[in-house]
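As a plain string of letters, each chain reads:
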Amino acid sequence: MDLIGKALTMSDLVAYQDGSVVSKTLIDKKIGTLTLFSFDAGQGLSEHTAPYDAFVQVVDGEAEVTIEGSAQTVEAGQMIIMPANKPHALKAVKPFKMLLVMIRA
């Protein structure tokens, strides 16, 4: 599907799958990426670090995001920035979708 120049509903671009994490790359450039994810309830990303700040916009549902051991709930319509070089993880409290923006600068 060609996404360029079209008005689209972000949550419709990636579907939920039982027991899975699904991703769809929307933009992949040398300077950064935009990736849409869906997570079934209980699914997540284990603790890791990244060399760049990561911007997460929750599109649907609810997730628990942990940054340096401190957890907080982020739900549809909210965003969070996970800082570079700090351990972070996330887990779906209920099925949720997010847009991840990584700018490599």
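Just so we're clear, the structure is a prediction, and the values are computed from it rather than from any experiment.

This brings us to the overall build of the protein. On a plain count of helices and strands, the protein comes out with 0 helices and 7 strands. Listing every helix and strand of the protein by position from the N terminus yields β-β-β-β-β-β-β. Over its C-alpha atoms the protein spans a radius of gyration of 13 Å, differing by no more than 12% from the 13 Å that the globule rule assigns to 105 residues. When its C-alpha atoms are laid out on the principal axes, the protein stretches across 40 × 35 × 20 Å. Across the 105 residues of the protein, 35% fall into the buried class. A total accessible area of about 6,200 Å² is found for the protein, and carbon and sulfur atoms account for 51% of it.

Attention now moves to unusual backbone geometry. For Glu 68, which is not glycine, the phi torsion reads 50° and is therefore positive. Looking at where Glu 68 falls in the secondary structure, it is placed in the loop between strand S4 (54-67) and strand S5 (70-75). In this structure, Asn 85 is a non-glycine residue whose phi angle is positive, near 60°. Structurally, the position occupied by Asn 85 is in the loop between strand S6 (79-82) and strand S7 (88-103).

As a further point, take the environment of Asn 85. In this structure Asn 85 comes out as exposed when scored by relative accessible area, which is 55%. Setting aside residues no more than four positions away along its own chain, Asn 85 makes contact with Thr 49, Ala 50 and Pro 51.

Formed by 18 residues in total, the largest nonpolar core has its most connected members in Phe 39, Val 56, Val 65, Phe 96, Met 98 and Leu 100. For this core, the secondary-structure elements that each account for two or more residues are strand S2 (32-39), S4, S6 and S7. Each residue touching Val 65, except ones within four places of it in the same chain, is listed here: Ser 70, Ala 71, Gln 72, Val 74, Ile 80, Met 82, Ala 89 and Leu 90. In this structure, Leu 13, Val 14, Leu 36 and Leu 99 belong to the second largest nonpolar core, which totals 7 residues.

Mapped onto the elements, Thr 33 comes out in strand S2. Spatially, the C-alpha atom of Thr 33 lies 10 Å from that of Ala 54, the residues being 21 residues apart in sequence. Aside from chain neighbours lying at most four places away, what touches Thr 33 is Ile 27, Asp 28, Leu 100, Val 101, Met 102 and Arg 104.

This paragraph deals with the pairing of S5. In the sheet, S4 pairs with S5 via 6 bridges, with the strands oriented antiparallel. Bridged to Val 65 within S5 is Gln 72. A loop of 2 residues connects S4 with S5, the two strands running antiparallel in sequence, and Glu 68 in this loop sits at a positive phi of about 50°.

Rules of the game
- Residues numbered from 1 in each chain as written.
- Predicted model: local features only at pLDDT ≥ 70, side-chain atom pairs only at ≥ 80, totals over all residues.
- Heavy atoms only, no water.
- Helix = DSSP H or I, 4+ residues; strand = E, 2+ residues; numbered from the N terminus.
- Rg over C-alpha atoms; globule rule 2.2 N^0.38 Å.
- Buried < 20%, exposed > 50% of the residue type's maximum accessible area, 1.4 Å probe, protein only.
- Areas by Shrake-Rupley, 256 points an atom, 1.4 Å probe, with all protein chains shown as cover.
- Contact = heavy atoms within 4.5 Å.
- Core = buried A, V, L, I, M, F, W, Y, C linked by side-chain atoms within 4.5 Å.
- Pairing = 2+ DSSP bridges.

By themselves these figures say nothing about function.
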